[in-house]
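Descriptive analysis of the structure
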Amino acid sequence: MLILPRNVKSLFMKRSIIWILTVVMTTALLGLLALEVVYMENMIKMRNEQFGEIVTRSIHEVSTMLEQNETKYYLDQDLADAAAYRGSGRFDYGGDLAASDSLAASEVIDGMKLKRPANFNTLKNLNDSYLLKQEILKEQYLYQRSMLNEVILTILTRSSDRPIAERADSTTVREYMASELENNGLTLPFEFAVTRRGGTMVYNTARYDSIVGKGASPYVQVLFPGDPVGKQHYLNVVFPTKGKYIFSSIKFILPSMAFTLLLLGVFIYTIFIAFKQKRLSEIKNDFINNMTHEFKTPISSISIAAQMLSDDSVRKSPEMLRHVATVINDETKRLRFQVEKVLQMSMFDRDNATMRLEEEDANALVESVVHTFKLKVEKYGGTITMTLDAEDPIVNVDRMHMTNVIFNLLDNAIKYRREEVPLNLQVTTTNPTEHSLQIVVEDNGIGIRREDLKRIFEKFYRAGTGNRHDVKGFGLGLAYVHKMVTLFGGSIRAESDYGNGTRFIISLPLFEA
């Protein structure tokens, strides 16, 4: 047996210390868990923001590239038109220079073929060819600027009239989008759609509608912001695996949270065990105190009787000798009965308790116990009656243990009687069904509180007795009764009207040959 030092034991047994440790440790673990949850939420928020920035930047670049394609388209168109006009000789470098008398010849300067004015020789003689070159470049610049102005004007006035499917076809958009996402380090699959103002669909990829239908929020970017507001279109992009991508970046936190929860669970279980051990310790102390009281009286009586036997006057009186012998015999029986009750509980820790199950007549067993108990009931001014209505009383039980079951129930009825009311015990047997036997033991004692009814069959548990302080016992009787009835294949339950009495109802299966 492990014996703890007194200071350690007292510390362990203090409920307040256990509660303080519980509160401190639980608060610490819950605080750690809360910090992990907050950290995970912040990580998710940050990853969402980073993801949104990458996507927003990417689709903005896609929109810019589509605008550049638009500008290139109109530049190519105007250059083609300009080339056609030059081929027809209608104008050269921004004006009808072919009809001018001032440009009668041509010369190559820095690889460029330039029109030469009529007074070129004079200018050359004056070493002024540089000025001529500057003049021709200026004419070229003016021509190119006028061409760009025409392209810009065309884009502003006519580009929005082109079908959006030509300006931003799905293949180009997908290629640009994939390229920009990859450049930004994002290689997730995506679906997209182009919509008009108001949400009308122009075109979309195959899985776009199903993904949006599941609650995914698309990222939106205006295509061709220079278009009139009423003719603007929007690029909508969704990512079906966005949740997995975000989760993959924070999943390293989950093991830490799992270990914290495991630690919290183990701690709570440990505290539960500590309180259970404390309760068992209290029950053990109550058991020892009750057992001491139960054993103290018969031992004292036997001791006094033994001292009387040493007196010569007692030994010379046969009547006194008989009286002393009777006292010793009665107190020895009482002591043996208490020891037997303790030994009865030893089988609770053994699954293979020795049982001699035989055919027994329950009516005969009840009648035998009631007959033996009648004198004890009458000693307290009470009455005991039995009603044996069971037509088929044959059950498969151990005779000794079944007798003890009924005896313990009757003994409890005497212990918990009401002093102001004469004791009245009733024992009945019936056959509620063709396959069962029912034994009911009813008294008019102090009764059992409702909160105690659920626990009266627990080992060492003793229900409160109100103002009664003379009720002794180990809290083993009803636990033993429940154990035996269960081993017989039956059941037992208690019904009580607190202050007016209790009924114990035993149900046993009938013996079947």
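Summary of the structure given here.

A word on the overall build of the protein chain. When helices and strands are tallied, the protein chain shows 15 helices and 13 strands. For the protein chain, the residues scored as buried account for 34% of the 513 residues in total. Taking all contacts inside the protein chain whose residues are at least 6 apart in sequence as the whole, residues at least 24 apart take part in 69%. Carbon and sulfur atoms provide 56% of the accessible area of the protein chain, an area that totals close to 30800 Å².

So, about the sheet that holds strand β8 (residues 383-388). On the basis of which strands lie adjacent, the open sheet formed by 5 strands has the order β8-β10-β11-β13-β12 and mixed pairing. Either end of the sheet is taken by a strand with one partner, and the two such strands are β8 and β12 (491-497). Between one strand axis and the next, the sheet turns by 10 degrees as a mean value, whatever way the strands run. Sheet topology places β8 next to strand β10 (residues 424-430); 6 bridges connect them, and they run parallel.

Moving on, we get to the packing of aromatic side chains. Evaluated as defined, the whole model comprises 8 aromatic pairs. Between Phe 51 and Phe 239, the ring centres sit 5.0 Å apart and the planes meet at 80 degrees, which makes this aromatic pair edge-to-face. Separated by 188 residues along the polypeptide, Phe 51 in helix α2 (residues 15-87) and Phe 239 in the loop between β6 (233-238) and α8 (242-248) bring together distant segments of the chain. This pair shows no difference in class: Phe 51 is buried, exactly as Phe 239 is. Ring centres 6.2 Å apart and planes at 75 degrees place the aromatic pair Tyr 219 and Phe 239 in the edge-to-face group.

Take the nonpolar core next. Of all hydrophobic cores here, the largest spans 39 residues; its most connected members are Met 402, Leu 410, Ile 439, Phe 504, Ile 506 and Leu 508. When contributions to this core are tallied by element, the ones reaching two or more residues are α12 (362-379), β9 (394-397), α13 (399-415), β10, β11 (436-442), α15 (477-487), β12 and β13 (501-509). Leu 508 has contacts with Val 395, Val 397, Met 402, His 435, Ser 436, Leu 437, Val 485, Phe 488 and Gly 490, leaving out every residue within four places of it along the chain. Judged by nonpolar contacts, the second largest core, of 25 residues, contains Val 173, Leu 223, Val 237 and Phe 239.

With that out of the way, let us pick up the pattern of salt bridges. Following the criterion strictly, the structure yields 8 salt bridges and no others. For Arg 417, the salt bridge identified is with Glu 419, shortest N-O distance 3.6 Å. Residue classification places Arg 417 among the buried positions, given a relative accessible area of 15%. For Glu 419, a relative accessible area of 52% corresponds to the exposed category. The residue Glu 442 makes a salt bridge to Arg 503 at a minimum N-O spacing of 3.5 Å.

What counts and what doesn't
- Residues numbered from 1 in each chain as written.
- Predicted model: local features only at pLDDT ≥ 70, side-chain atom pairs only at ≥ 80, totals over all residues.
- Heavy atoms only, no water.
- Helix = DSSP H or I, 4+ residues; strand = E, 2+ residues; numbered from the N terminus.
- Buried < 20%, exposed > 50% of the residue type's maximum accessible area, 1.4 Å probe, protein only.
- Contact = heavy atoms within 4.5 Å.
- Areas by Shrake-Rupley, 256 points an atom, 1.4 Å probe, with all protein chains shown as cover.
- Pairing = 2+ DSSP bridges.
- Axes fitted to C-alpha atoms, helices over the stretch in contact; angles between N-to-C directions.
- Phe/Tyr/Trp six-rings, centres within 6.5 Å; stacked < 30°, edge-to-face > 60°.
- Core = buried A, V, L, I, M, F, W, Y, C linked by side-chain atoms within 4.5 Å.
- Salt bridge = Lys/Arg side-chain N within 4 Å of Asp/Glu carboxyl O.

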